[in-house]
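So you can see what is in the structure, the chains are spelled out below.
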Amino acid sequence: MLLSLIVPCYNEQEALPLFYKECTAVADRLGCEYELVLVDDGSTDGTLAVMKDLAGRDRRVVYLSLSRNFGKEAAMYAGLCNARGEYVAVMDADLQDPPELLPQMLEKLRTGEYDCVAARRVSRAGEPKVRSFFARLFYKFINRISDTQIVDGARDFRLMKREMVDAVVAMGEYNRFSKGLFGWVGFRTCWLPYENVERAAGKTKWSFWGLMKYAMDGVVNFSQAPLSFVSWAGFIMTAFAFFMLAFVVIRKLIFGDPVAGWASTMSVIIFVSGLQLFCLGVIGQYLAKTYLETKRRPHFIVSETNGRDVTKIK
Ligand code: UDP
Ligand code: MG
């Protein structure tokens, strides 16, 4: 039985050697064969050199270097498409996904009760307070409006059976929000709680706005609720305007021309045009996603690898 460990790396020259050391130390004790699929997501530092060095010393290391930075989702997808293992795990290069959990995960999977074992942080210690606050808010919100369950604190760190990996790979959408995709495909998932671990070396790639955009992606990809909200808002406003109109006409017929209120008229106009622009924006978000999907551009392009039979463009 082969186990594939997929590691997306973007500028991880400091963290990668540490990761390799710790991860292999744990994996060696698993009692099964394994391969390390290192995906270099267009790093601008020495990450690729580190990968080549590791691959030179260890035959279990397969590296894929993407032609530019495609983002973690695409890097993960590249790894999933090229993992050969019967069991496949995805983990970060910064040791925030503790390799020590692997034996436990494998054991759970081997019982046959589950198809997937996923890690879930139960604390957010060491993270900026504002970030934790908005993260919590996001999970509450999205689970309200989406049919797909998206678990708070879930990381991309998980061990899956081949069947599940094939299902995730078959989901060829361009806008990938993995936390949602993993949930959408179903299968029996076991959640393994653990305390948050801080990055071993290097810096996080997420800015606050980056995370905001990611959250927006999650909403647009896994819920149509904003669209129905917008339709309802439009409907209610129209109904309200209709009654107002009737009121104004009848008043005119009975009392003649009253003094027009400029300020109130203006505020109504501004309010309504603002609402319209907002609604257009919401629709635009969905349209933009559709536009990107219809272009059918590849998710990733591999420019360099030591693997054989690698899917280079997909
Ligand atoms: N990553 C990537 N491409 C990117 C950004 C990040 O492959 O464009 C990788 C990164 O190297 C790391 C993982 O994704 O292995 C998680 O990134 P990070 O630690 O910055 O995220 P956080 O743990 O703070 O959520
Ligand atoms: Mg991290």
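Residues numbered from 1 in each chain as written. Chains lettered and ligands numbered in written order. Predicted model: local features only at pLDDT ≥ 70, side-chain atom pairs only at ≥ 80, totals over all residues. Heavy atoms only, no water.

1. Concerning the pattern of salt bridges
How we decide: Salt bridge, as used here, is a side-chain nitrogen of Lys or Arg placed within 4 Å of a carboxyl oxygen of Asp or Glu. Going along the chain from the N terminus, every DSSP run of H or I of four or more residues is numbered as a helix, and every run of E of two or more is numbered as a strand. Think of it in three bands: with a 1.4 Å probe and only protein chains considered, a residue is buried below 20% of the maximum accessible area for its type, exposed above 50%, and partly exposed in between.
Counting across every chain of the model gives 15 salt bridges. Of the charged contacts in the structure, one is a salt bridge between arginine 84 and glutamate 35, with a shortest N-O distance of 2.9 Å. Of this pair, arginine 84 sits in the loop between helix H3 (72-82) and strand S4 (87-90) while glutamate 35 sits in strand S2 (residues 33-40), and the two are 49 residues apart along the sequence. Exposure remark for glutamate 35: the relative accessible area of 3% places this residue in the buried category. The partner of arginine 155 in a salt bridge is aspartate 97, with the nearest N and O atoms 2.6 Å apart. Here aspartate 97 lies in the loop between S4 and helix H4 (102-110) and arginine 155 lies in strand S6 (residues 154-161), a separation of 58 residues in the sequence. Of the two residues examined, arginine 155 and aspartate 97, each falls in the buried class. What you see here is one network of salt bridges that share partners, running through Lys72, Asp92, Asp97, Arg155, Asp156 and Lys179.

2. Topic: unusual backbone geometry
One non-glycine residue, phenylalanine 187, lies in the positive phi region at around 70°. A relative accessible area of 36% places phenylalanine 187 in the partly exposed class. Within the chain, arginine 296 stands out as a residue other than glycine whose phi angle is a positive 50°. Examined against the element boundaries, arginine 296 turns out to sit in the loop between helix H10 (262-295) and strand S8 (302-305).

3. Quick look at the site of ligand 1
For the record, the criterion: Whether a residue is near a molecule or strand is decided by its heavy atoms; if any one of them lies within 4 Å of it, the residue is near. We call two N or O atoms a polar contact when they sit within 3.5 Å, provided that within protein one can donate a hydrogen and the other can accept it, with sequence-adjacent residues counted only if both atoms are side-chain atoms. Areas reported as accessible are Shrake-Rupley estimates using a 1.4 Å probe. Residue values count occlusion only from the protein chains shown. Gly falls in the polar group here, along with every residue not listed as nonpolar (Ala, Val, Leu, Ile, Met, Phe, Trp, Tyr, Cys, Pro) or charged (Asp, Glu, Lys, Arg).
Around ligand 1, a shell composed of 18 residues is seen, among which Glu12, Asp41, Asp94, Gln96 and Lys205 lie nearest. With respect to ligand 1, the side chain of asparagine 69 contributes an N or O atom lying 3.1 Å from an oxygen atom. When ligand 1 sits alone it has 530 Å² of accessible area, and the protein chains cover 88% of it. Within the residue set of the shell around ligand 1, elements represented by two or more residues are strand S1 (2-9) and H3. Of the residues that constitute the shell around ligand 1, the class distribution is six nonpolar, four polar and eight charged.

4. Some points on the pairing of strand S3 (residues 61-66)
Each regular strand shows side chains that alternate between the opposite faces of the sheet. What counts is decided by this rule: When DSSP finds two or more bridges between two strands, those strands count as paired. Look down the strands so they point away from you; if going from the first strand over the helix to the second traces a clockwise path, that crossover is right-handed.
In terms of burial, S3 is largely enclosed, as six of its six residues are buried. With burial as the criterion, each face of S3 is covered, one bearing Val61, Tyr63 and Ser65 and the other bearing Val62, Leu64 and Leu66. Sheet topology places S2 next to S3; five bridges connect them, and they run parallel. Paired with leucine 38 across the two strands is tyrosine 63, which belongs to S3. With helix H2 (residues 47-57) bridging S2 and its parallel neighbour S3, the resulting β-α-β unit is right-handed.

5. A short note on the pairing of S2
Among the eight residues in S2, seven count as buried, and that is most of the element. The pairing of S1 with S2 spans eight bridges and is classified as parallel. In the strand pairing of S2, leucine 5 is matched with leucine 36. Crossover handedness for the path S1 to helix H1 (residues 15-27) to S2: right-handed.

6. A short note on H4
The line we're drawing: The directions considered for the arc are those from the helix axis to the C-beta atoms. Contacts are residue-level and defined by heavy atoms, with any inter-residue pair within 4.5 Å sufficient.
Residues of H4 that are buried include every one of Leu102, Met105, Leu106 and Leu109, and no others. Down the axis of H4, the buried set is contained in an arc of 95°. They therefore lie on one face. Of the surrounding elements, those touching the buried residues of H4 are S1, H1, S4, strand S5 (116-121), S6 and strand S7 (189-194). Following H4 by one or two positions, glycine 112 adopts a phi angle in the positive range, close to 85°.

7. Digging into the sheet that holds S4
Formally: In this analysis, axes come from line fits to C-alpha atoms, helices being fitted only over the stretch in contact, and the angle between any two N-to-C directions falls in the range 0 to 180 degrees.
With mixed pairing, the eight strands of this open sheet are ordered in space as S7-S5-S6-S4-S1-S2-S3-S8. Two strands in the sheet have a free side with no partner beyond their single neighbour: S7 and S8. Looking at each pair of strands side by side, their axes are set apart by 20° on average, direction ignored. One ladder, built from four bridges, connects S5 with S6; its direction is antiparallel. Residue pairing in the sheet places arginine 120 in a bridge with alanine 154 of S6. Seen against the sheet, helix H6 (residues 162-170) touches S4, S5 and S6 and runs at an angle of roughly 120° to S6.

8. Some words on the packing of aromatic side chains
Aromatic ring pairs are reported here in terms of the distance separating the ring centres and the angle at which the planes meet. For clarity, the cut-off: Ring geometry is summarised as follows: Phe, Tyr and Trp rings, the Trp one being its six-membered ring, pair when their centres sit within 6.5 Å, and such pairs are stacked at plane angles under 30 degrees, edge-to-face over 60 and tilted between the two.
Evaluated as defined, the whole model comprises eleven aromatic pairs. Seen from their ring centres, phenylalanine 134 and phenylalanine 208 are 5.5 Å apart, and the 75° between their planes marks the pair as edge-to-face. Residue phenylalanine 134 is located in helix H5 (residues 129-145), and its partner phenylalanine 208 is located in helix H8 (residues 208-222); the two are separated by 74 residues in the primary sequence. Residue phenylalanine 208 is classed as partly exposed on the basis of its relative accessible area of 30%. Centroid distance phenylalanine 177 to phenylalanine 222: 6.2 Å. Interplanar angle 50°. Geometry classified as tilted.

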